[in-house]
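What follows is each chain in one-letter form.
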There are 2 protein chains.
Amino acid sequence: MLKPNLRYKELKDTYLFNTIYRKTNEYLAKNPEKTVLRMGVGDVSIPLCEPVIKALHKAVDDQGNKKTFHGYMPEVGDASLRKAIKEYYAKFSAKVEEDEIFVSSGACDDLGDILELFDKDNSVLVIEPAYPEYVDTNILCGRKVIHLASGEENGFLPMPETPADIIYICSPNNPTGAAYNREQLKVWVDFANKHGSVILFDAAYEIFIEGEDIPHSIFEIEGAKTCAIEICSLSKTAGFTGTRLGYTTVPKELIREGMNLNEMWSRNRETRTNGISYILQKGALAVFTPEGQECVHKNIDVYKKNASYFMEALDTAGIWYIGGKNSPYIWLKCPDGMSGWEFFDYLLNKIQVVGVPGDGFGECGKGYFRFSTFGSPEDTKEAADRLCKLLKKG
Amino acid sequence: MLKPNLRYKELKDTYLFNTIYRKTNEYLAKNPEKTVLRMGVGDVSIPLCEPVIKALHKAVDDQGNKKTFHGYMPEVGDASLRKAIKEYYAKFSAKVEEDEIFVSSGACDDLGDILELFDKDNSVLVIEPAYPEYVDTNILCGRKVIHLASGEENGFLPMPETPADIIYICSPNNPTGAAYNREQLKVWVDFANKHGSVILFDAAYEIFIEGEDIPHSIFEIEGAKTCAIEICSLSKTAGFTGTRLGYTTVPKELIREGMNLNEMWSRNRETRTNGISYILQKGALAVFTPEGQECVHKNIDVYKKNASYFMEALDTAGIWYIGGKNSPYIWLKCPDGMSGWEFFDYLLNKIQVVGVPGDGFGECGKGYFRFSTFGSPEDTKEAADRLCKLLKKG
């Protein structure tokens with residue numbers, strides 16, 4: 001008799017976005033004349049940029065023509081795309097070789113698959129509040145998850161305390177928007193090397209970094225290549241949330257018990273995938289051209305301008321927040337001791353603005369609230385104006 | 001100290017196609033005037049058909065336009081594509097609901113991911129010779145793999161003997177091309193229901209089926225919905241090997257220890273993926289239109305014609321083989337007691353035709369050889385002619 005994976009019972013319901021959706025719709029049903037501004041979800045709104053669209057069309061034509069048709073792609077990724085990503089890394093002074101870069105269907109897929117490199121008995125450290133996938137994927141494997149609390153006292157950037165085998169770091173962070181500087185990340189890298197841990201560094205939001213002191217890649221930090229794997233995505237960088245492509249970097253110096261994790265990951269990809277779509281890889285390649293980079297940064301500037309509307313409103317209202325500067329997320333403390341869901345209801349009812357209660361990202365998120373800056377500039381400006389008028393004291 | 005997954009040491013080297021590649025290139029370096037015909041690899045050669053190309057272009061345009069741009073797709077798949085697949089199933093009289101169908105990046109990806117539904121201690125039955133991923137993914141999880149031998153005596157279609165929790169069935173089979181009929185599959189389904197097993201049914205080659213007595217889907221068999229998961233792919237069906245898209249069907253009646261595997265898989269997809277590319281799903285949708293189906297079947301007919309060249313040659317030479325009829329593969333017994341690699345060298349040196357030694361698919365594959373019918377008609381006809389002349393007795 002087959003035994004199912006009983007650990008599914010330990011997963012929490014993914015009710016967060018469903019509840020937001022239901023509450024918003026219930027409000028609209030009762031107040032059909034109101035305009036609700038949805039400022040919660042972390043999905044982009046600006047279409048793919050012209051060089052990417054052009055490359056995608058060209059790749060589609062290739063697939064329709066016998067002379068240019070492509071079958072199975074290399075499981076590790078197309079050589080030209082790996083080269084382009086290597087050169088992108090070089091801009092941050094992160095030395096990464098082509099055969100350390102693996103093209104993926106997106107960060108979400110690889111965050112789960114990468115765990116196949118590790119023994120089931122490894123301990124896992126997750127900084128809270130956190131992206132729920134870090135916890136859920138490890139629960140399904142039966143690993144012990146240690147939570148490291150973060151909060152206002154450390155700017156939601158806690159430093160290492162208890163050793164663990166696998167350490168998740170997301171910087172700039174989802175949901176808080178907080179970003180580790182060079183010096184802080186060096187402490188984490190030294191800690192990981194000392195204890196033989198492996199850091200899973202989620203760099204999905206690196207393109208939002210402005211400050212020189214914030215690394216775009218953990219491989220800018222000395223010693224990272226013996227203790228870190230970096231997981232990257234074009235979802236936010238180039239608007240690929242619905243197009244799908246990412247990459248994962250596993251250094252060749254990353255060795256544990258004599259086993260080379262880069263070689264293991266190559267072998268894993270050979271077994272577990274048949275490569276990423278030719279069409280999507282060609283589209284991704286255009287992101288890394290000078291024209292692609294110019295377009296992509298223009299789009300990011302739109303989201304940054306959106307962030308400035310929120311930041312101005314919160315500054316005026318005297319509300320504590322982080323993020324917005326190196327991140328598309330703004331993480332604020334709910335005013336007047338309100339809980340996340342109380343503040344959600346308050347904003348929906350008073351000014352028809354929807355955000356995300358921090359409760360969805362773990363215990364430490366309670367009493368906080370996330371705004372995303374991925375909406376349209378018009379909606380975001382309007383939402384920030386309403387917010388400012390509502391929360392401004394005196 | 002992090003402990004790596006030591007089970008990687010138990011994996012066999014994936015030397016098969018590398019060795020074929022190396023031997024072929026060495027021969028060509030010594031004999032530059034010769035034309036080698038590559039009839040081994042299971043990759044398609046006919047470009048994507050016109051309705052698919054048109055749909056892909058349209059979808060790319062959608063992604064470049066603010067009004068039609070799509071961000072995150074539903075993790076389980078686009079509703080319209082799930083509906084089209086349901087209707088495709090209905091043609092085989094397989095009753096499958098839309099929410100039982102999950103769009104995937106391809107069969108290869110889901111064959112690994114699906115194992116997360118099962119406990120680590122479940123036993124696994126793999127019919128040999130087999131697609132290596134069935135074995136490798138389970139070794140990485142630490143599951144015990146039982147091999148069920150097949151051979152000429154049962155037409156490479158063995159019937160159940162020893163119970164196991166997870167049972168892999170690939171029909172039409174890779175590498176042998178053998179396909180179970182309705183009556184035989186019913187025995188497997190009854191066996192699985194009796195023992196509480198779950199059958200993982202790999203239907204990647206269903207489009208090649210000709211006979212009325214061979215089911216396209218295991219869900220044509222009564223009782224399958226309480227014991228089977230079906231894994232499908234457009235790779236061979238519609239030439240998507242380099243474009244990537246598949247689907248996996250998990251019935252709602254599939255329950256073990258009170259846990260519903262359909263609900264578990266929904267939850268798994270929510271956690272483990274952010275959905276499949278909008279562009280690729282639109283391309284896939286075109287495969288299931290009447291125009292798409294017409295084009296796709298025309299292409300399959302080309303491969304079937306290729307099969308007929310090989311079958312005629314082998315019939316003339318009096319060589320034992322199966323496949324070709326309901327499958328793009330032809331599985332033959334190496335003549336004169338040659339081993340797979342001896343026959344490989346013989347064909348390469350004598351007639352410059354390259355195939356795949358059966359050794360790469362497990363112990364039972366020794367002494368057999370696989371040809372693929374995915375090459376161009378010109379090359380395939382020429383290869384079959386050379387083969388016939390070489391092997392014809394008297």
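Residues numbered from 1 in each chain as written. Chains lettered and ligands numbered in written order. Predicted model: local features only at pLDDT ≥ 70, side-chain atom pairs only at ≥ 80, totals over all residues.

How should the overall build of chain A be read in this particular structure?
If you tally the helices and strands in chain A, you get eleven helices and 15 strands. Overall, the C-alpha framework of chain A stretches about 60 × 55 × 50 Å when taken along its three principal axes. Classification of the 394 residues of chain A by burial places 56% in the buried group. Long-range pairs, those at least 24 residues apart, make up 72% of the contacts in chain A with a sequence separation of at least 6. (Helix = DSSP H or I, 4+ residues; strand = E, 2+ residues; numbered from the N terminus. Buried ≥ 20, exposed ≤ 12 C-beta atoms within 10 Å, placed from the backbone. Contact = placed C-beta atoms within 7 Å.)

Is there a simple way to explain the sheet that holds strand 4 (residues 144–149) of chain B in this structure?
The strands making up a sheet associate through backbone hydrogen bonding, with each pair oriented either parallel or antiparallel. All names here are of chain B. Spatial ordering of the open sheet is given by 2-8-7-6-5-3-4, a layout of seven strands whose pairing is mixed. With one partner strand each, in any of the chains shown, strand 2 (101–104) and strand 4 form the two edges of the open sheet. If you compare each strand with its neighbour and ignore which way they point, the axes differ by 20° on average. Note: strand 3 (residues 123–128) against strand 4, six bridges, orientation parallel. Counterpart to S123 in the pairing with strand 4 is K144. Packing of helix 3 (residues 79–91) onto the sheet brings it into contact with strand 2 and strand 8 (246–249), and relative to strand 2 it is tilted by some 115°. (Pairing = 2+ DSSP bridges. Axes fitted to C-alpha atoms, helices over the stretch in contact; angles between N-to-C directions.)

Explain helix 5 (residues 132–141) of chain B here, please?
Note: α-helices contain 3.6 residues per turn, so residues at a spacing of three or four share the same orientation. Here helix 5 of chain B has its buried residues at Y134(B), V135(B), D136(B), T137(B), N138(B) and L140(B). Next to the buried residues of helix 5 of chain B lie helix 7 (261–272) of chain A together with helix 4 (107–113), strand 3, strand 4 and strand 5 (166–170) of chain B. One or two steps after helix 5 of chain B, the chain reaches G142(B), where phi turns positive at roughly 85°.

Any chance you could explain the relation of the copies chain B and chain A here in plain terms?
One copy of the chain maps onto the second through a rotation around an axis plus a translation along that axis. With an RMSD of 0.0 Å, the fit of chain B onto chain A corresponds to turning through 180° and sliding 0.0 Å along the axis. These values place the two chain copies in the arrangement generated by a two-fold rotation axis. Residue H57(B), judged by its C-alpha, is the member of chain B lying nearest the rotation axis, at 3.0 Å. A shared binding surface is used by both copies, with 100% of the interface residues of chain B retained as interface residues in chain A. (Least-squares fit on C-alpha atoms with pLDDT ≥ 70 in both.)

Would you mind showing me how to read the environment of K298(A) here?
Residues and elements named next belong to chain A. Relative to the helices and strands, K298 resides in helix 9 (residues 290–317). Classification of K298 by C-beta neighbours within 10 Å gives exposed; the count is 11. Through-space distance from the C-alpha of K298 to that of C49 is 9.7 Å; in sequence the pair is 249 residues apart.

What is the right way to read the packing of helix 9 (residues 290–317) of chain B against helix 11 (residues 377–391) of chain B from this model?
In a pair of packed helices, the angle between the axes and the distance between the axes together describe the arrangement. Residue and element names in this part refer to chain B. Here helix 9 crosses helix 11 at 5°, and the two axes come no closer than 8 Å. It follows that helix 9 is roughly parallel to helix 11 by the angle criterion. For the pair formed by helix 9 and helix 11, the contact residues are V302, K305, N306, Y309, F310, E312, A313, T316 and A317 on the first element and P377, T380, K381, A384, L387, C388 and L391 on the second. Residues that form the contact of helix 9 with helix 11 fall into these classes: ten nonpolar, three polar and three charged. (Parallel < 35°, antiparallel > 145°, perpendicular 65-115°, else oblique. Nonpolar A, V, L, I, M, F, W, Y, C, P; charged D, E, K, R; others polar.)

Hey, could you run me through the domain arrangement of chain A in this one?
The accessible area lost on association of the parts is a frequent measure of interface size. All names here are of chain A. Taken domain by domain, chain A holds domain 1 (13–42 + 292–391) and domain 2 (50–288). The C-alpha centroid of domain 2 is placed 27 Å from the C-alpha centroid of domain 1. Contacts between domain 1 and domain 2 engage 25 residues on the former and 34 residues on the latter. Sorting the residues of the side of domain 1 that touches domain 2 by element identifies helix 9, strand 11 (321–323) and strand 12 (329–333) as the ones contributing at least two each. Across the side of domain 1 that touches domain 2, the residue classes break down as eleven nonpolar, eleven polar and three charged. (Domains from an automatic or database assignment.)

Mind showing me how you'd approach the interface of chain B and chain A here?
Counting residues at the interface gives 67 residues for chain B, matched by 67 residues for chain A. Contributions of two or more residues to the side of chain B that touches chain A are made by helix 2 (50–63), helix 4, helix 5, helix 7 (261–272) and helix 8 (278–287) of chain B. The element that contributes the greatest number of residues to the side of chain B that touches chain A is helix 7 of chain B, accounting for six residues.

Looking at this structure, I do not really get the sheet that holds strand 15 (residues 368–372) of chain A. What am I missing?
All names here are of chain A. Ordered in space as 11-12-15-14, the four strands form an open sheet in which the pairing is antiparallel. Pairing within the sheet leaves two strands with one partner each, and these edge strands are strand 11 and strand 14 (356–357). Bridge analysis of strand 11 against strand 12 gives three bridges, and the strand direction is antiparallel. Bridge pairing links I322 to W331 in strand 12.

What's the story with the nonpolar core in this structure? I'm lost.
Across soluble globular proteins, you tend to see nonpolar side chains buried next to one another. Among the nonpolar cores identified, the biggest contains 247 residues, and Y168(A), I199(A), Y168(B) and I199(B) are the most heavily contacted of them. What I199(B) contacts, discounting residues up to four positions off in sequence, is I167(B), I169(B), W188(B), A192(B), I218(B), C227(B) and A228(B). (Core = buried A, V, L, I, M, F, W, Y, C linked by C-beta atoms within 7 Å.)

Could you clarify how one ought to interpret the environment of V353(A) in this entry?
All names here are of chain A. As for its position among the elements, V353 is in strand 13 (residues 353–354). For the pair formed by V353 and G258, sequence separation is 95 residues and the distance between their alpha carbons is 54 Å. Look past the residues within four positions of V353 in its chain and what remains in contact with it is L37, M39, L347, A383, R386 and L387.

Help me understand the packing of helix 2 (residues 50–63) of chain A against helix 8 (residues 278–287) of chain A, please; the structure alone is not making it clear to me.
Residues and elements named next belong to chain A. One way to put it is that helix 2 packs onto helix 8 with a least axis distance of 8 Å and a crossing angle of 150°. Taken together, the axes of helix 2 and helix 8 lie roughly antiparallel to each other. Our pair here, helix 2 against helix 8, has a crossing hand that is right-handed. Touching P51, V52, K54, A55, L56, K58, A59, V60 and Q63 of helix 2 are Y278, I279, K282, G283, L285, A286 and V287, all from helix 8. Its residues assigned to classes, the contact of helix 2 with helix 8 shows eleven nonpolar, two polar and three charged. (Left-handed = near helix turned anticlockwise from the far one by under 90°.)

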